[in-house]
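# A look at the structure
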Amino acid sequence: MIDEPLYPIAVLIDELKNEDIQLRLNSIRRLSTIARALGEERTRKELIPFLSENNDDDDEVLLAMAEELGVFIPYVGGVEYANVLLPPLETLCTVEETCVRDKAVESLCRIGAQMREQDLVESFIPLVKRLAAGEWFTARVSSCGLFHIAYPSAPEALKTELRAIYSQLCQDDMPMVRRSAATNLGKFAATVEAPHLKVDIMSMFDDLTQYDQDSVRLLAVEGCAALGKLLEPQDCVAHILPVMVNFSQDKSWRVRYMVANQLFELCEAVGPEPTRLDLVPAYVRLLRDNEAEVRIAAAGKVTKFCRILNPELAIQHILPCVKELSTDSSQYVRSALASVIMGMAPALGKDATIDQLLPIFLSLLKDEFPDVRLNIISKLDQVNQVIGIDLLSQSLLPAIVELAEDRHWRVRLAIIEYIPLLASQLGVGFFDDKLGALCMQWLKDKVYSIRDAAANNVKRLAEEFGPDWAMQHIVPQVLDMINNPHYLYRMTILHAISLLASVMGSDVTCSKLLPVVINASKDRVPNIKFNVAKVLQSLIPIVDQSVLEKTIRPCLVELSEDPDVDVRFFASQALQSIDHVIMSS
Amino acid sequence: MNGGDEVVAAPPGPPQLLDWKFSQVFGERTAGEEVQEVDIISAIEFDKTGDHLATGDRGGRVVLFERTDTKDHGVSRRDLERMDYPIGRHPEFRYKTEFQSHEPEFDYLKSLEIEEKINKIRWCQTANSALFLLSTNDKTIKFWKVTSQETSLVARSRRVYAHAHDYHINSISNNSDGETFISADDLRINLWNLDISNQSFNIVDVKPANMEDLTEVITSAEFHPTHCNMLAYSSSKGSIRLIDLRQSALCDSHTKLFEEPEAPSSRSFFTEIIASISDIKFAKDGRYILSRDYMTLKLWDINMDSGPVATFQVHEYLRPKLCDLYENDSIFDKFECCLSGDGLRVATGSYSNLFRVFGCASGSSEATTLEATKNPMRRQVQTPSRPSRSLSSITRVVRRGPETPGVDANGNSFDFTTKLLHLAWHPTENSIACAAANSLYVYYA
């Protein structure tokens, strides 16, 4: 990049003003190149002021600019000049597009974190104050995310002022500002000294938690977990725990939904006894909430929660709810449960898993909703570690077969993706008996994506069980199918062959696979013939030079004289590759 | 509280009967001018401050007007209000800009033409010196940003919220949380985040499993002005449902239901048709909901679901004519309604370019009929107590299309081709903007 001539730099600078968005974007993305070419001083005195005045209206350009400026300190002459980067970012903090503002705040934080303390006091903190007092809510929203950078460097009096300003933001007229204050409270609180934390921050927290717009309260929930980690356990129990328990019974399902997601994080902060007395009952209520969305969130955290509790508590209180959820009326609840329930096995131990969890696994494996079954199968390895696969395998097979034949191709696709995992967990024996036939059947699926995935699957199985096994159980079956009357299926087989070749190695490729491919070059369908050319090209690195010359080249030469233009094209491409290989060797 | 469809003299005591005066007209027709279909105004909306007014038309255009009477002096409007500035000033607007919001489209999958007609406009929170608004036609909602660049104003479509409605969108409404809005069609209400155009959440779905069981459709929906969790929607059966988004992600069950069954004695073939609510609006304080059906305006207290707190007869005189109105489809006309910022008065449109203003404060019997012309009060003379004047003596602007003038028992004429469907009340002052075909009239009191 450094060696780039000056001419393109002039073009890039010119393009910053171009009408074409793509050109402006292109130029902004290479802002560092421009800066390097201009040198530090001109970057400070010309480029940055130019960017500050540039009120581009395109979000993509603004977003790119916000991002680039975040790493611009080296180009303006190092940390001592970092403050020249603040004005353009300050402007970007006030635009209406949320993602641009967020990026500008992120970049300001990045720059602020490197700035010298004196510069922070002289330029960064005033910027935060200006934004916080901004006329438009966008500026005030952005300011909330900067306090945690500004605060630590501020002298005592300024710290008091910053806390007061943040408190104002927590009571702003605009719910958008309050939401931002709620979202960033945890970060800010982490920088505030303990005595102020208990007084000032907690009163801000109270303001937010008591606001009647649930869109604000639900973000305050996130603050609970963050603040909880900062406070001493007894303060956490006294101040945060009651709020969280209240929130868990909030009128608004969105607030309860957030609690269901966050509750487990508070367990460690309050300690085991309050967890047992207050948080477990609250969590159990959420697992039994009226609103399916809340149960979905709660069910998704069941494993994380159980890992924190001791096994007795989990078995006594959580497990009965899990049983209920496994037959929940909402398929999405069951699906959320199925995606995590296998992880409970290590937390509960072998006996409880066999006695209590296994029946639930089995019932979920028979669920009418395919996602539920798939989620169980996808996490099979977790339970395998605890109780082994044998107890499950009887139920697994019908579930897999049913999914393999599901009428929705996306379901079939999902199960194919898990076949290598299943193969590794179930072992060769089980696989040979039950699943091998399925894998071949998918190669003849009506849907292209399935055939494509099936070809990949064949390759991954060969990798999993090794070439010897594949030679016996995969290769002959696959090669048989090259005689399928439908050309699309023959094409799938060619694709599978090219994938298998890399796993099987040179000998098998030359003796078994190559003849089939060569034979296919006489197919009556041009699509097959040019795919033969492509496959042959892919085999070049695998086979010997003699094979290249004796077998592959003559075949390609013949194809290169084919009446079909596409066949000729791909054949000549492959021939060029051969020439290239031979020349370089 | 008993409104009548005739004009009543000002009662003693507050609130005073308003004296309405003509302020402005935009796009006034000259005699003999044909109205182009595309020019007919189909939506009117003031922004929150009342400094801007937007109209949409059947040609898919949005026209913006800005207030001129507040900007020529140093003192802010709020200060002026505090000083109790002498009356005599009233909102005046000037044309600001216009842009093509929607174009006619064709849905090839369904073989359906999608009209460009703007069904609704809603102003959004200003995030900087630019103006932001949502506009929608039958299928697609667009989010616009209007900025001044050098000397000209530029409108840019910031986001397009499409492909979420199988039926025609009748309403859009911003939430007080500043980040979400709803869109409602005949059978569903969707919730959007303003920042996200590629997904929305269906929160109300009244579509029956079998379309043959369909008995009721959604006609209008609006968010509560301050409670971000509450919204109301009206139906073709004359009911209003209040739903609480906190209760459930899918709000198929309502929190409150407001309806007033027609007395069995007056039931007829038309009962269900005229019960259909064409528009609902929350009052600014959020306590009352105003609804318009074909015959009446009704004011509901959201704390009282036993019946409306007030009913204002708008079209009672048309009752004998319902058969004709059904024949010519006028019975399906969708009249909008609006409330004054102080909640003391309500207004709605009618035929012959008339609109009516009723006092709804307790003790008020204010009921004024105005005509969307430069002389709005001339209808005042046609009170039943006076002998009706011959209409032909009043020179009227030439109207398009066939006229079906008639005179009812009270001497009111009705002309079904000139209907005043859209109107809006200024958020802070007694000023009404209304559309008569392609003309926008502004009145003040």
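Residues numbered from 1 in each chain as written. Chains lettered and ligands numbered in written order. Predicted model: local features only at pLDDT ≥ 70, side-chain atom pairs only at ≥ 80, totals over all residues. Heavy atoms only, no water.

Looking at an unreviewed UniProt entry, one finds chain B named Serine/threonine-protein phosphatase 2A 55 kDa regulatory subunit B, with Durio zibethinus as its source organism. Annotation of chain B in UniProt includes, under Sequence similarities (unreviewed entry), the sentence "Belongs to the phosphatase 2A regulatory subunit B family." What the UniProt record of chain B gives under Function (unreviewed entry) is the line "The B regulatory subunit may modulate substrate selectivity and catalytic activity, and may also direct the localization of the catalytic enzyme to a particular subcellular compartment." (UniProt positions renumbered as here; feature names shortened; annotations may be inferred.)

One UniProt comment on chain A, placed under Sequence similarities (unreviewed entry), says "Belongs to the phosphatase 2A regulatory subunit A family."

Residue and element names in this part refer to chain A. Running from amino to carboxyl end, helix α21 (residues 311-325) crosses helix α24 (residues 350-365) at an angle of 20 degrees, the nearest separation of the two axes being 10 Å. By the angle between their directions, the pair α21 and α24 is classed as roughly parallel. Of the two elements, α21 crosses α24, and the hand of that crossing is left-handed. For the pair formed by α21 and α24, the contact residues are Ile-315, Leu-319, Val-322 and Lys-323 on the first element and Ala-352, Gln-356, Leu-357 and Ile-360 on the second. Residue classes in the contact of α21 with α24 are distributed as 6 nonpolar, 1 polar and 1 charged. (Axes fitted to C-alpha atoms, helices over the stretch in contact; angles between N-to-C directions. Helix = DSSP H or I, 4+ residues; strand = E, 2+ residues; numbered from the N terminus. Parallel < 35°, antiparallel > 145°, perpendicular 65-115°, else oblique. Left-handed = near helix turned anticlockwise from the far one by under 90°. Contact = heavy atoms within 4.5 Å. Nonpolar A, V, L, I, M, F, W, Y, C, P; charged D, E, K, R; others polar.)

Turning our eyes to something else, we now look at the side chain of A:Glu96. Tracing the sequence through the fold places A:Glu96 in the loop between α7 (86-92) and α8 (98-114). Here the side chain of A:Glu96 touches B:Arg158 through a polar contact of 3.4 Å, side chain to side chain. Dropping the residues within four chain positions of it, A:Glu96 is found in contact with A:Arg101, A:Thr138, B:Ala127, B:Asn128, B:Phe132, B:Lys145 and B:Arg158. (Polar contact = N/O pair within 3.5 Å; in protein donor to acceptor, adjacent residues only side chain to side chain.)

All right, on to the interface of chain A and chain B then. Taken residue by residue, the interface counts 24 residues in chain A and 26 residues in chain B. For the chain A face of the interface with chain B, the top three residues by lost area are A:Asp57, A:Glu96 and A:Trp136, together amounting to 29%. The interface formed by chain A and chain B holds 6 salt bridges in total. At the boundary of chain A with chain B, the tally comes to 16 residue pairs in polar contact (both at pLDDT 80 or more). Contributing elements (two or more residues each) for the side of chain A that touches chain B: α10 (137-144), α13 (175-189) and α15 (214-230) of chain A. Tallying contributions element by element places α13(A) first for the side of chain A that touches chain B, with 3 residues. Here the residues of the side of chain A that touches chain B are counted per class, giving 7 nonpolar, 6 polar and 11 charged. (Buried area = accessible area lost by both parts, 1.4 Å probe. Salt bridge = Lys/Arg side-chain N within 4 Å of Asp/Glu carboxyl O.)

A covalent bond bridging the sulfur atoms of two cysteines is what the word disulfide describes. Considering all chains together, one arrives at 0 disulfides over all chains under this definition. Here A:Cys93 stays unpaired: no disulfide links it, and the sulfur of A:Cys109, its closest cysteine neighbor, is 8.8 Å away. Assessed through its relative accessible area of 0%, A:Cys93 is described here as buried. Just so you know, B:Cys337 is unpaired, no disulfide at all, and the nearest cysteine sulfur is the one on B:Cys338, 7.1 Å from it. (Disulfide = S-S within 2.5 Å. Buried < 20%, exposed > 50% of the residue type's maximum accessible area, 1.4 Å probe, protein only.)

The next subject is the pairing of strand β21 (residues 288-293) of chain B. All names here are of chain B. Counting buried positions over the 6 residues of β21 gives 5, a clear majority of the element. As defined by bridge partners, strand β20 (residues 277-282) adjoins β21 across 5 bridges and the pair is classed as antiparallel. Each bridged residue has a counterpart across the sheet, and for Ile-277 the counterpart in β21 is Asp-293. Between β20 and β21, which pair antiparallel and follow one another directly, the connecting turn spans 5 residues, one of which, Gly-286, has a positive phi of 85 degrees. By the bridge criterion, 5 bridges tie β21 to strand β22 (residues 296-301) in an arrangement that is antiparallel. (Pairing = 2+ DSSP bridges.)

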